[in-house]
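So the chains spell out like this:
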Amino acid sequence: MSANVKIVAVLTARADTVDRLRALLDAMLKPSRAEAGNLRYDLWQDQSDPNRFVLDELYAGADAVAAHRATPHFQNYLSQIGDLAERASFVLNPVSAT
């Protein structure tokens, strides 16, 4: 059994794209949460900068991450995200988690 994989993505909307970015991120929630290897998929908005969003994702392992990235909804996200936001993504392995 592989270890869980956490992904944290920080997305900051480009000028005049916050509504389109939010719609794209909202559209990812339901299908991502329904994936077999998805353990958590949450969207957060920064209290001090409403143009900044954080995706907090948890998967059952690397295979689940690969399956997520192959889905039509993720491919749609990839096709649009560069026009809508600056993005930093971190793929994390557990060190100490409860």
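Residues numbered from 1 in each chain as written. Predicted model: local features only at pLDDT ≥ 70, side-chain atom pairs only at ≥ 80, totals over all residues. Heavy atoms only, no water.

We now examine the environment of Phe-74. Looking at where Phe-74 falls in the secondary structure, it is placed in helix H3 (residues 72-84). Its relative accessible area of 11% is what places Phe-74 among the buried residues. Considered as a pair, Phe-74 and Ala-27 are 47 residues apart in the sequence and their alpha carbons are 10.0 Å apart. Here Phe-74 is in contact with Met-28, His-68 and Arg-69, once residues within four sequence places are set aside. (Helix = DSSP H or I, 4+ residues; strand = E, 2+ residues; numbered from the N terminus. Buried < 20%, exposed > 50% of the residue type's maximum accessible area, 1.4 Å probe, protein only. Contact = heavy atoms within 4.5 Å.)

Spacing of three or four residues puts side chains on the same side of an α-helix, whose turn is 3.6 residues. Spanning 16 residues, helix H1 (residues 18-33) covers 23 Å between terminal C-alpha atoms, matching the ideal 22 Å at 1.5 Å per step. Among all positions in H1, only Leu-21, Leu-24, Leu-25, Met-28, Leu-29 and Ser-32 are buried. Along H1, the residues classed as buried sweep out an arc of 160 degrees about the axis, all on the same side. Along H1, the residues that are exposed and aim more than 90 degrees away from the buried face are Asp-19, Arg-20 and Lys-30. Buried residues along H1 sit against strand E1 (5-13), strand E2 (38-45), strand E3 (52-59), helix H2 (62-69), H3 and strand E4 (85-92). (Expected span 1.5 Å × (residues − 1). Arc of directions from axis to C-beta.)

With that settled, consider the UniProt feature "domain: ABM" (unreviewed entry) in the protein. Residues annotated in UniProt with the feature "domain: ABM" (unreviewed entry) correspond here to residues 5-93. Note that residues 5-93 is 42% helix and 37% strand, and that its end C-alpha atoms are spaced 5 Å apart. (UniProt positions renumbered as here; feature names shortened; annotations may be inferred.)

Read across the open sheet, the four strands follow the order E2-E3-E1-E4; overall the sheet is antiparallel. Of all strands in the sheet, those bounded by a partner on one side alone are E2 and E4. For this sheet, the mean inter-axis angle between neighbouring strands, taken without regard to orientation, is 10 degrees. Note: E1 against E3, eight bridges, orientation antiparallel. By the bridge assignment for E3, Thr-12 is matched with Arg-52. (Pairing = 2+ DSSP bridges. Axes fitted to C-alpha atoms, helices over the stretch in contact; angles between N-to-C directions.)

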